[in-house]
Amino acid sequence: RGGMAVVYLGHDARLLRKVAVKVLPPELTYGGGGSMIERFKREAQTAAKLDHPNIIPVYRVAPGGKLFWYVMKYLDGEGLDHILEREGQLDVERTVEMVAQVASALDHAHRHHVVHRDVKPANVIIDQEARVTVTDFGIAKALDANTLTASGSIIGTPYYMSPEQCKGKKVGPAADQYSLAVMTYQMLGGHVPFTGDSAVEIVHKHVADPVPPLGVLRPELPEQVVLVVEKALAKNAEDRFTTVADFAKALKAASQGLDVSLAPPGKPGPVRMSKTA
């Protein structure tokens, strides 16, 4: 059970396979004045139109009536949040591979004019073959201890929210890039860059505080890897990489010892890579 829906393990009697059935609970269906129903429908429609190997596919949507649900592929894997809780820091190669797959999913969504807005480890599933699947596209969860929602203008999980999200501004693909960079920082460094006693404190740090140096948490990291992550964590969206795919490419290049030429602040351009002397 999450903030907005309940997910059941189901059995497809015709195709003889396991499926995941996401259901909007009655208390939200009839107690939200119709807004939760529309959000739930929008999530299903958004996920259904994105056809990508790293995005969870939607098989079927409720025709209507009193119960709202949709059926997704059943993922036999583990959430990245559980992996990080158990293992702490991940090695660079494994991190780069996971980031590449998440970035590929997000880039596909962005090219179809969809911004995830809630990129975080709990929405990333890793299966037994190390294949990564991104879930919960377009979701706007109900207000709880870990999520902020204000008339639909501030949506996300505070630990992973971009500065523009924290300010309640209109967000674009760069917001997902920032959230993925927070995840990358956590995977390499062992914890998220900003914590606090309240959501408000965390939000303020995203907007105003400099990112604690990743190289201090993990001194053995290549300097280029640290610089790439820091660029994707820039406070201003225009100072990040042009696309989330560019971020993933630069991270991979840096991890391989290639020299990644980063554009000057305020002038993000294509990443140029050359072998180090």
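For clarity, every value in this text was computed on a predicted model and none was experimentally measured.

A few words on the sheet that holds strand β6 (residues 124-127). The 3 strands lie next to each other as β5-β6-β7, forming an open sheet whose pairing is antiparallel. At either end of the open sheet lies a strand with only one pairing partner, and these are β5 (77-79) and β7 (132-134). Averaged over neighbouring strand pairs, the angle between their axes works out to 30° when direction is ignored. Bridge analysis of β6 against β7 gives 3 bridges, and the strand direction is antiparallel.

Take the pairing of strand β2 (residues 17-23) next. Of all 7 residues making up β2, 5 are buried, and the element is well covered by its neighbours. Hairpin remark: strand β1 (residues 6-12) followed by β2, antiparallel, with 4 residues in the connecting loop; positive phi at Leu16, about 55°. Examined bridge by bridge, β2 and strand β4 (residues 69-73) share 5 bridges and lie antiparallel to one another. Its bridge partner lying in β4, Val23 is registered against Trp69.

For the coordinates displayed, the defined rule picks out 11 salt bridges. A salt bridge links Arg17 to Asp12; the shortest N-O distance between them is 3.5 Å. Assessed through its relative accessible area of 29%, Arg17 is described here as partly exposed. Judged by its relative accessible area of 19%, Asp12 is buried. Of the charged contacts, one joins Asp127 and Arg131 as a salt bridge, the two residues approaching to 2.8 Å between their closest N and O atoms. Using a relative accessible area of 16% as the deciding quantity, one classes Asp127 as buried. Sharing partners across several salt bridges, the network here consists of Glu78, Arg86, Glu87 and Arg94.

What counts as what
- Residues numbered from 1 in each chain as written.
- Predicted model: local features only at pLDDT ≥ 70, side-chain atom pairs only at ≥ 80, totals over all residues.
- Heavy atoms only, no water.
- Pairing = 2+ DSSP bridges.
- Helix = DSSP H or I, 4+ residues; strand = E, 2+ residues; numbered from the N terminus.
- Axes fitted to C-alpha atoms, helices over the stretch in contact; angles between N-to-C directions.
- Buried < 20%, exposed > 50% of the residue type's maximum accessible area, 1.4 Å probe, protein only.
- Salt bridge = Lys/Arg side-chain N within 4 Å of Asp/Glu carboxyl O.

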